Amino acid sequence: MDKLIYTAMTGAKGTMGQQAAVANNLANVSTTGFRAELHRLRAVPVRSEALPSRAFVVDATVGTDFTPGPLAYTGRTLDVAVNGQGWLAITMPNGSEAYTRSGSLVADENGVLRTQLGFEVAGDAGPIALPPDNVIEIGGDGSISAIPTDGNRNAANVVGRLKLVNPPVENLIRGEDGLFRLPAGQVAPADENVRVSGGHVEGSNVNMVEQMVTMISLTRNYETQMQMLQRAQENDRAATKVISVS
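Rules behind the numbers
- Residues numbered from 1 in each chain as written.
- Predicted model: local features only at pLDDT ≥ 70, side-chain atom pairs only at ≥ 80, totals over all residues.
- Heavy atoms only, no water.
- UniProt positions renumbered as here; feature names shortened; annotations may be inferred.
- Helix = DSSP H or I, 4+ residues; strand = E, 2+ residues; numbered from the N terminus.
- Buried < 20%, exposed > 50% of the residue type's maximum accessible area, 1.4 Å probe, protein only.
- Contact = heavy atoms within 4.5 Å.
- Areas by Shrake-Rupley, 256 points an atom, 1.4 Å probe, with all protein chains shown as cover.
- Pairing = 2+ DSSP bridges.
- Phe/Tyr/Trp six-rings, centres within 6.5 Å; stacked < 30°, edge-to-face > 60°.
- Salt bridge = Lys/Arg side-chain N within 4 Å of Asp/Glu carboxyl O.
- Polar contact = N/O pair within 3.5 Å; in protein donor to acceptor, adjacent residues only side chain to side chain.
- Axes fitted to C-alpha atoms, helices over the stretch in contact; angles between N-to-C directions.
- Core = buried A, V, L, I, M, F, W, Y, C linked by side-chain atoms within 4.5 Å.

Looking at an unreviewed UniProt entry, the chain carries the name Flagellar basal-body rod protein FlgF, with the source organism given as Candidatus Dactylopiibacterium carminicum. Under the UniProt heading Subcellular location (unreviewed entry), the note attached to the chain is "Bacterial flagellum basal body". A UniProt comment under Sequence similarities (unreviewed entry) is attached to the chain, and it reads "Belongs to the flagella basal body rod proteins family."

Next up, the structure:
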């Protein structure tokens, strides 16, 4: 009974955590470049001087689905999508580096290229500043060209190049802000093999139908765990009654 209570109690708690992750996935089904969260549970015996009759259920695997999402054509000059594996590097306010697949970029009032959340997009040679009154084009290698809107339209100038990286996904750590980082503040080197498509954005890789089915399954699992707790309570009452009579 003791083992049943601990397994059911921690199982219900872990299931609630999984439900929260699935709810977050569903909330980001339309978020550009979003990567679905993955959770797995397992039972762990409690080590103590008493009999090994207790077990906790823990969230053993908190991972990420790195499957690329679908590309959508927007025609917007500052939209960019990574083809296949790879990441866009961004510079955080504290100077550290983070990585994202969300390529819907904007230029601030100073022409500095930023993400929609306001983080500075990293270039191979530092920040990327876009000149005014120019048409911007992003090449497959991440190079950014500025074409004057007047005068010689053939005089395209390369104003910077996106820093494109491809670190091993097993080394990436997901932050609460949805961005990915390497451990201990490490910085990934630029990878010449990463390619991008200008005028496109990558959609979320969340499968809505799959997540809805998972949510239903988790709800039923939670109900089962609660029923197990109720059954343990009933067994405890019955045992107490038998002992008191005897």
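Now that the structure has been shown, the text picks up again.
A. Region of the structure containing the overall build of the chain. A count of helices and strands for the chain gives two helices and 18 strands. When each of the 246 residues of the chain is scored for burial, the buried share is 36%. Restricting to contacts in the chain with at least 6 residues of sequence separation, those with at least 24 account for 62%. Just so you have it, the chain exposes about 14000 Å², and 54% of that area is on carbon and sulfur atoms.

B. Fine view of the pairing of strand β9 (residues 120-123). Every second residue of β9 is oriented toward a common face, with Glu120 and Ala122 on one face and Val121 and Gly123 on the other, all of them buried. In the sheet, strand β5 (residues 87-91) pairs with β9 via two bridges, with the strands oriented antiparallel. What sits directly across from threonine 91, in β9, is glutamate 120. As defined by bridge partners, β9 adjoins strand β10 (residues 126-127) across two bridges and the pair is classed as antiparallel. Counted as the bridge partner of alanine 122 is proline 127 from β10. Linking two consecutive strands that pair antiparallel, namely β9 and β10, is a turn of two residues.

C. Quick peek at the UniProt feature "domain: Flagellar basal body rod protein N-terminal" (unreviewed entry) in the chain. In this numbering, the UniProt entry assigns the feature "domain: Flagellar basal body rod protein N-terminal" (unreviewed entry) to residues 5-35. As annotated, residues 5-35 comprises 74% helix and 0% strand, and the C-alpha atoms at either end are separated by 35 Å.

D. Main features of the packing of aromatic side chains. Taken as a whole and judged by the stated rule, the model has three aromatic pairs. Their ring planes at 80 degrees and their centres at 6.0 Å tell us that phenylalanine 66 and tryptophan 87 sit as a pair that is edge-to-face. Here phenylalanine 66 is found in the loop between β2 (55-64) and β3 (71-73), whereas its partner tryptophan 87 is found in strand β5, with 21 residues between them in sequence. When its relative accessible area of 18% is taken as the criterion, phenylalanine 66 is described as buried. Both rings, one in phenylalanine 66 and one in phenylalanine 180, keep their centres 5.6 Å apart while their planes meet at 55 degrees; by these two values the pair is tilted.

E. Structural context of the pattern of salt bridges. Tallied over the full model, the rule gives nine salt bridges. As a salt-bridge pair, arginine 35 and glutamate 202 come within 2.6 Å of each other at their nearest N and O atoms. With arginine 35 in the loop between α1 (2-27) and β1 (37-45) and glutamate 202 in strand β18 (residues 200-202), the pair connects residues that are 167 residues apart, well separated along the chain. Across this residue pair, the class does not change: arginine 35 and glutamate 202 are buried. As a salt-bridge pair, glutamate 202 and arginine 101 come within 2.8 Å of each other at their nearest N and O atoms. You can see glutamate 202 sitting in strand β18 and its partner arginine 101 sitting in the loop between β6 (97-100) and β7 (106-107), a full 101 residues away along the chain. Considered together, glutamate 202 and arginine 101 belong to a single accessibility category, that of buried residues.

F. Local environment of the pairing of strand β11 (residues 134-138). Pairing geometry for β11 and strand β12 (residues 143-148), over five bridges, is antiparallel. Of the residues in β12, the one forming a bridge with valine 135 is isoleucine 147.

G. Spotlight on the side chain of arginine 101. Residue arginine 101 is classed as buried on the basis of its relative accessible area, which comes to 3%. Of note is the side chain of arginine 101, whose polar atom sits 2.6 Å from the backbone oxygen of glycine 86. Apart from residues lying up to four places away in sequence, arginine 101 is in contact with Gly33, Arg35, Pro68, Val82, Gly84, Gln85, Gly86, Trp87 and Glu202.

H. Structural detail: the sheet that holds β12. Spatially, three strands are ordered β11-β12-β13 in an open sheet, and the strand pairing comes out antiparallel. In the strand order of this sheet, the two ends are held by β11 and β13 (157-161), each with one partner. Across the sheet, the mean angle from the axis of one strand to that of its neighbour is 30 degrees, orientation sign disregarded.

I. How the structure looks around the nonpolar core. Judged by nonpolar contacts, the single largest core of 17 residues is most densely connected at Val80, Leu105, Leu113, Leu130, Ile144 and Leu162. Each residue touching leucine 105, except ones within four places of it in the same chain, is listed here: Arg76, Leu78, Asp79, Val80, Leu113, Arg114, Thr115, Gln116, Val121 and Leu162. In this structure, Phe66, Ala89, Phe180 and Leu182 belong to the second largest nonpolar core, which totals ten residues.

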